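Listed here are the chains, written in short residue letters.
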Amino acid sequence: MKHFGNISDDERWQAVLAKDRRYDGAFVTGVHSTGIYCRPSCPARAPLRRNVRFYEGGQAAAKAGLRPCKRCSPDSQSAEEACVLAAVAAIRERGAMSLAALADLTGYTATHFQRLFKRSTGLSPAAFAKACREERVRDALSAGLSVTEALASAGYTGSGQFYAETKGRLGMSPSDWSQGGAGKLIHWTVLPTTLGDMLVAATDKGVCCLAFGEGEAQLRARFPRAELVAAGEGFRDLFAQVVAAVEQPGPGSAAIPLDVQGTAFQQRVWDELRRIPHGETRSYGELAAALGNPNASRAVGGANGANHIAVLIPCHRVIASDGTLGGYAYGLEIKAELLRREGA
């Protein structure tokens, strides 16, 4: 379960645009132009961003003078939602559990439970348990435990098992995480482009952030424990490649090194985004189908919104099922122009 205080407003808004059911229960969306509050996954048409405020729950929204949406019933919880939440809580508490044990816990058949769980979270129970173990390692390292202690506390038999399972998904190495990212150098600058000012940041491994209309404050919010330094001559060529990928996009941008971190599911989505051929687009449903789960389009939308490296991880190539542009963190004008430049 996601917690209200750990989610930025940008992430909440992207969840609303994607109608991402994984965020149901984490917050409600207050639409002040209509006087109602909704679940993030409400099937109604998305409101205008300027009319929206986010609340921790229905009580907070009601105190602000809003009433619950009759279409999505944000204050009620379905039996299926309760089943998934119970399984999530059990996995977080006990670690990996067999599918049969989880099915017994929830009262569903194993096949039906697996389908419900994956539709809601975007991951199988086994993949979710692995992602939780990775989170425990990150949390333990950030709390000051040694690498050996952190791996043991998360149930890993050793560093070999950890590296085999994560395959570099953490972005930063465990030794970097052991200091909460402190001492990790991120070199950054803001460069002018024909699409407006563009923030580019990179570690010694590759680009870790690309955003339009942002600056040091937003970068620091994304990497609060890292050391931010102005990019020097050593990053001139890399950043020139990034600018070229924006101004004159082409298949060559795939060679630009990246340093990304995300959950197992987010990594899968981002890898699939980079497989969309230059000049083509995909709908959320098509992307979900390519990942082997046609029902995970909302979860795909959430992973899309969590992408911090615009253009190079081309979330702009994902459009709505009706052929319209859908949402984009940096505005539809930039999204449309990027697609035009790619010939999509």
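Residues numbered from 1 in each chain as written. Predicted model: local features only at pLDDT ≥ 70, side-chain atom pairs only at ≥ 80, totals over all residues. Heavy atoms only, no water.

**Focus on the overall build of the protein**
Cut-off, in case you're wondering: Here a strand is any run of E in DSSP of at least two residues, a helix any run of H or I of at least four, and the numbering for each starts at the N terminus. Only protein chains enter the accessibility calculation, which uses a 1.4 Å probe; a residue is then buried when its area is under 20% of its type maximum, exposed when over 50%, and partly exposed in between. Contacts between residues were defined by any pair of non-hydrogen atoms, one from each residue, lying within 4.5 Å.
Secondary structure assignment for the protein yields 15 helices and 10 strands. Per-residue burial for the protein yields a buried fraction of 47% across its 344 residues. Within the protein, residue pairs in contact and separated by at least 24 positions form 58% of the contacts whose partners lie at least 6 positions apart.

**Overview of the side chain of His316**
Looking at the element boundaries, His316 is found in the loop between helix H14 (297-305) and strand E10 (318-319). According to the relative accessible area criterion, His316 is buried, its value standing at 0%. When near neighbours in sequence (up to four residues on either side) are disregarded, His316 contacts Val311, Tyr328, Lys335, Leu338, Leu339 and Glu342.

**Some details on unusual backbone geometry**
The phi torsion at Ser73 lies on the positive side, around 45°, for a residue other than glycine. Within the element layout of this structure, Ser73 appears in the loop between strand E4 (67-68) and helix H3 (79-94).

**Description of the sheet that holds strand E8 (residues 227-230)**
What counts is decided by this rule: Paired strands, as defined in this entry, are two strands with at least two bridges between them according to DSSP. To obtain each axis, a line is fitted to C-alpha atoms, and for helices this fit is confined to the stretch in contact; angles are then taken between N-to-C directions over 0 to 180 degrees.
Strand order in the open sheet formed by four strands is E7-E6-E5-E8, and the pairing between neighbours is mixed. One side of each edge strand has no neighbouring strand; the edge strands of this open sheet are strand E7 (207-212) and E8. Averaged over neighbouring strand pairs, the angle between their axes works out to 25° when direction is ignored. In terms of strand pairing, strand E5 (residues 185-191) meets strand E6 (residues 198-202) through five bridges, oriented antiparallel. What sits directly across from Trp188, in E6, is Ala201.

**Notes on the packing of aromatic side chains**
Put simply, the rule reads: Any two of the Phe, Tyr and Trp rings considered here, Trp counted by its six-membered ring, make a pair once their centres fall within 6.5 Å; the pair's planes then place it as stacked at under 30 degrees, edge-to-face at over 60, or tilted in between. Our definition puts a charge over a ring when NZ of Lys or CZ of Arg is within 6 Å of the ring centre and also within 35 degrees of the ring normal.
Applying the stated criterion across every chain, the model contains six aromatic pairs. Judged by centre distance (5.8 Å) and plane angle (75°), the rings of Phe212 and Tyr330 are edge-to-face. Linking Phe212 in strand E7 with Tyr330 in the loop between E10 and helix H15 (332-342), this pair joins segments that are 118 residues apart in sequence. For the pair Phe212 and Tyr330, a shared accessibility class is recorded, and that class is buried. Considering the side-chain rings of Tyr328 and Tyr330, the 5.6 Å spacing of their centres and the 75° angle between planes classify their relative orientation as edge-to-face. By relative accessible area, Tyr330 is classed as buried at 17%. Connected via pairs of aromatic rings, a cluster forms that spans Phe113, Phe117 and Phe128. The ring centre of Trp13 lies 5.5 Å from the NZ or CZ of Arg49, which sits over that ring.

**Focus on the confidence of the model for the protein**
Going by this rule: In predicted models, pLDDT denotes the confidence assigned by the predictor to each residue on a 0 to 100 scale.
The share of residues in the protein with pLDDT of 70 or more is 85%, and the mean pLDDT across the chain is 82. Confidence scores differ between elements of the protein, with helix H9 (residues 174-177) showing the lowest mean pLDDT of 48 and E6 the highest of 96. Throughout residues 177-181 the model reports pLDDT below 50, and contacts reaching past four residues in sequence, or to other chains, amount to 17 contacts.

**Description of the state of the cysteines**
Note the following rule: By convention in this document, the label disulfide applies to cysteine sulfur atom pairs within 2.5 Å.
Considering all chains together, one arrives at zero disulfides under this definition. Free of any disulfide, Cys69 has its nearest neighbouring cysteine sulfur in Cys72, separated by 3.8 Å. Note on Cys72: no disulfide assigned, nearest cysteine sulfur contributed by Cys42 at a separation of 3.7 Å. Taking the relative accessible area as the measure of exposure, Cys72 reaches 10% and is therefore buried.

**Some thoughts on helix H1 (residues 9-18)**
Within the span of H1, buried status applies to Arg12, Trp13, Gln14, Ala15, Val16 and Ala18. Packing partners of the buried residues in H1 comprise strand E1 (28-31), strand E3 (52-55) and H14. Within two residues after H1, Lys19 carries a phi angle of roughly 50°, on the positive side.

**Side note on the side chain of Arg39**
Going by this rule: Here a polar contact is recorded for every N or O atom pair within 3.5 Å, except that within protein the pair must consist of a potential hydrogen donor and a potential acceptor, and residues adjacent in sequence are included only if both atoms are side-chain atoms.
Its place among the elements puts Arg39 in the loop between strand E2 (36-38) and E3. There is a polar contact of 3.2 Å between the side chain of Arg39 and the backbone oxygen of Ser73.

**A word on the sheet that holds E2**
Overall, mixed pairing links the four strands, which are arranged E3-E1-E2-E4 in an open sheet. Each end of this open sheet is capped by a strand with a single partner; those strands are E3 and E4. Across four bridges, E1 lies against E3 in antiparallel orientation. Residue pairing across strands places Thr29 opposite Phe54, the latter belonging to E3. The sheet contacts of H1 involve E1 and E3, and relative to E3 the element is tilted by about 105°.

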